[in-house]
Amino acid sequence: MNHPLYDLKGVEVGFKRDDLIHPFISGNKWRKLKYNLKKAQETNKSHLVTFGGAWSNHILATACAGATFGYSTEAFIRGEIVDNPVLTLCQLFGMKLHFVSREQYRDKHRLFADLPDTDNAYFIDEGGWGIEATKGCREIITELSVTYSHIFCAAGTGTTAAGIAMALSENNLSSKLHVIPVLKDGSFIADEMQKLCAPMGQTVLHTDYHFGGYAKTKSELIDFIKDFVAKTGILIEPTYTGKALYALHDLIKQDTFQSGERILFVHTGGLTGLLGMLDRFKM
């Protein structure tokens, strides 16, 4: 990547463009679903059931993956009944939607168990969280042709970061993993990674780049995204990739990295999240 800041500070920054994997099953959503779908096939399940919010990239990816690979799909949506472009796309891909209260949503396994035909159904947790998902996220590292001193990724559930941490350890790579939680009080991401048996010795969490919490923004983040997209042609969004890249740029400005170090930014996709925030980018 060419950027004035990188030249000024003498660092080399590469982007892993997982956003280009697929228009709807993009980035880490593809990777999280890959081995879940393989397991569903191995266990003779043909119906995918998952969970998320009304603007969830994961819900949309699951709907599209189901239509693409021959699974019927169903999702429980947290909160009041709403209508938006993401949910319309989900329905277009054939997904059945259930809106449930936040209290009901807390017990996802009960919601799943109460379905009329669970024998044929395969449970996929919110955001794709789980061991099967980490298998796909490990491949972010095994696909690389060069090594990096530092690797950056956004985190909502910690699954992608867990897979990367596992792969770094398994392949004896010394890269430091920088994880940017996009939720307020994001230190819980470390616990989530450890639940997935991820080694934490090479991981650093930067918890001060949430901009108020999940799907929250501030003017400086919006201005940063506008400037970066206009200068590079690479689209990022405010919920995940924008916050993670803002963190990387801020740390570069603070001289966190030595001149000549090679840094990788993992673009985790999820660009349909922009659809609910386009009004904030009007000039």
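Structure report, in brief. (Residues numbered from 1 in each chain as written. Predicted model: local features only at pLDDT ≥ 70, side-chain atom pairs only at ≥ 80, totals over all residues. Heavy atoms only, no water.)

### Some thoughts on the overall build of the chain
Rules: Helix and strand labels come from DSSP, where a helix needs a run of H or I of at least four residues and a strand needs a run of E of at least two; each type is numbered from the N terminus. Restricting the calculation to C-alpha atoms gives the radius of gyration, and the globule rule supplies 2.2 Å times the number of residues raised to the power 0.38. To sort residues, take the accessible area from a 1.4 Å probe on protein chains only and compare it with the maximum for the residue type: under 20% means buried, over 50% means exposed, and anything in between is partly exposed. By definition in these notes, contact holds between two residues if any of their heavy atoms fall within 4.5 Å. In this description, accessible areas are obtained by the Shrake-Rupley approach with a 1.4 Å probe, and a residue is regarded as covered only by the protein chains that are shown. In this count, Lys and Arg are taken as positive residues and Asp and Glu as negative ones, while His and the chain termini are left out. The location of each charge is read from NZ of Lys, CZ of Arg, CG of Asp or CD of Glu.
Tallying secondary structure elements over the chain gives eleven helices and nine strands in all. Relative to its length of 283 residues, the chain is compact, with a C-alpha radius of gyration of 19 Å against a globular reference of 19 Å. With the C-alpha coordinates aligned to their principal axes, the bounding extent of the chain is approximately 60 × 45 × 30 Å. By the burial criterion, 53% of the 283 residues in the chain qualify as buried. Intrachain contacts of the chain at a sequence separation of at least 6 include 75% that bridge at least 24 residues. As displayed, the chain has an accessible area near 12900 Å², and 49% of this comes from carbon and sulfur atoms. Each charge sign in the chain was given a centre, from 30 positive and 31 negative side chains, and these centres are 1 Å apart.

### Some thoughts on the nonpolar core
One broad rule of soluble globular proteins: the nonpolar side chains tend to lie buried together. Put simply, the rule is: Side-chain atoms within 4.5 Å are what join buried Ala, Val, Leu, Ile, Met, Phe, Trp, Tyr and Cys residues into a set we call a nonpolar core.
Core analysis: the biggest nonpolar cluster contains 31 residues, and Tyr-6, Leu-245 and Leu-248 have the highest contact counts within it. Those elements giving two or more residues to this core turn out to be helix H1 (4-9), strand S1 (12-17), strand S6 (150-155), helix H10 (219-232), helix H11 (241-253) and strand S9 (262-267). Looking at which element gives the most residues to this core, the answer is H11, with six residues. Once residues lying within four places of it in the same chain are set aside, the contact partners of Tyr-6 are Met-1, Val-11, Val-13, Phe-15, Phe-228, Leu-245, His-249 and Ile-252. Grouped together as the second largest cluster of nonpolar side chains are 22 residues, Cys-153, Met-166, Ala-167 and Leu-196 included.

### Brief notes about the state of the cysteines
Under the convention used in this document: When two cysteine sulfur atoms lie within 2.5 Å, the pair is treated as a disulfide.
Across all of its chains, the model carries zero disulfides by this definition. Left unpaired, Cys-64 is separated from the closest cysteine sulfur, that of Cys-90, by 9.6 Å. With no disulfide partner, Cys-197 has as its closest neighbouring cysteine sulfur the one in Cys-137, 15 Å distant. Taking the relative accessible area as the measure of exposure, Cys-197 reaches 63% and is therefore exposed.

### Focus on the side chain of Glu-192
To be explicit about the condition: Any pair of N or O atoms that falls within 3.5 Å is considered a polar contact. Within protein, one atom must be able to donate a hydrogen and the other to accept it, and sequence-neighbouring residues count only if both atoms are side-chain atoms.
By the secondary structure assignment, Glu-192 is in helix H9 (residues 188-195). Of the polar contacts made by the side chain of Glu-192, one reaches the side chain of Trp-129; its length is 3.5 Å. If near-sequence neighbours (up to four positions away) are discounted, Glu-192 is found in contact with Trp-129 and Thr-157.

### Focus on the sheet that holds strand S8 (residues 203-205)
Going by this rule: Pairing between two strands requires that DSSP report at least two bridges joining them. Axes, fitted as lines to C-alpha atoms, cover a helix only where it is in contact. Angles between the N-to-C directions of the axes lie from 0 to 180 degrees.
Pairing is parallel in the open sheet, where five strands are placed in the order S1-S9-S6-S7-S8. One side of each edge strand has no neighbouring strand; the edge strands of this open sheet are S1 and S8. If you compare each strand with its neighbour and ignore which way they point, the axes differ by 25° on average. Pairing of S6 with strand S7 (residues 176-181), which is carried by six bridges, proceeds in the parallel orientation. Counterpart to Cys-153 in the pairing with S7 is Val-179.

### Some points on the packing of helix H7 (residues 131-142) against helix H8 (residues 159-170)
The condition that has to hold: Small angles under 35 degrees read as roughly parallel and large ones over 145 as roughly antiparallel, with 65 to 115 read as roughly perpendicular and the rest as oblique. Throughout, a crossing is termed right-handed when the near helix is turned clockwise from the far one, and left-handed when it is turned anticlockwise from it by less than a right angle. Classification convention: Asp, Glu, Lys, Arg as charged; Ala, Val, Leu, Ile, Met, Phe, Trp, Tyr, Cys, Pro as nonpolar; all other residues, Gly among them, as polar.
The contact between H7 and H8 brings their axes to 7 Å, and the two run at 60°. Here H7 lies oblique to H8, going by the angle between them. Here H7 runs over H8; the crossing is right-handed. On H8, the residues that touch Ala-133, Thr-134, Cys-137, Arg-138, Ile-140 and Ile-141 of H7 are Thr-159, Thr-160, Ala-162, Gly-163, Ile-164, Met-166, Ala-167, Leu-168 and Glu-170. Each residue belonging to the contact of H7 with H8 can be placed in one class, and the counts come to nine nonpolar, four polar and two charged.

### Here we look at the environment of Pro-23
Along the chain, Pro-23 falls in the loop between S1 and helix H2 (27-42). Owing to a relative accessible area of 63%, Pro-23 belongs among the exposed residues under this scheme. When the C-alpha atoms of Pro-23 and Glu-220 are compared, they prove to be 28 Å apart, with 197 residues separating the residues in sequence.

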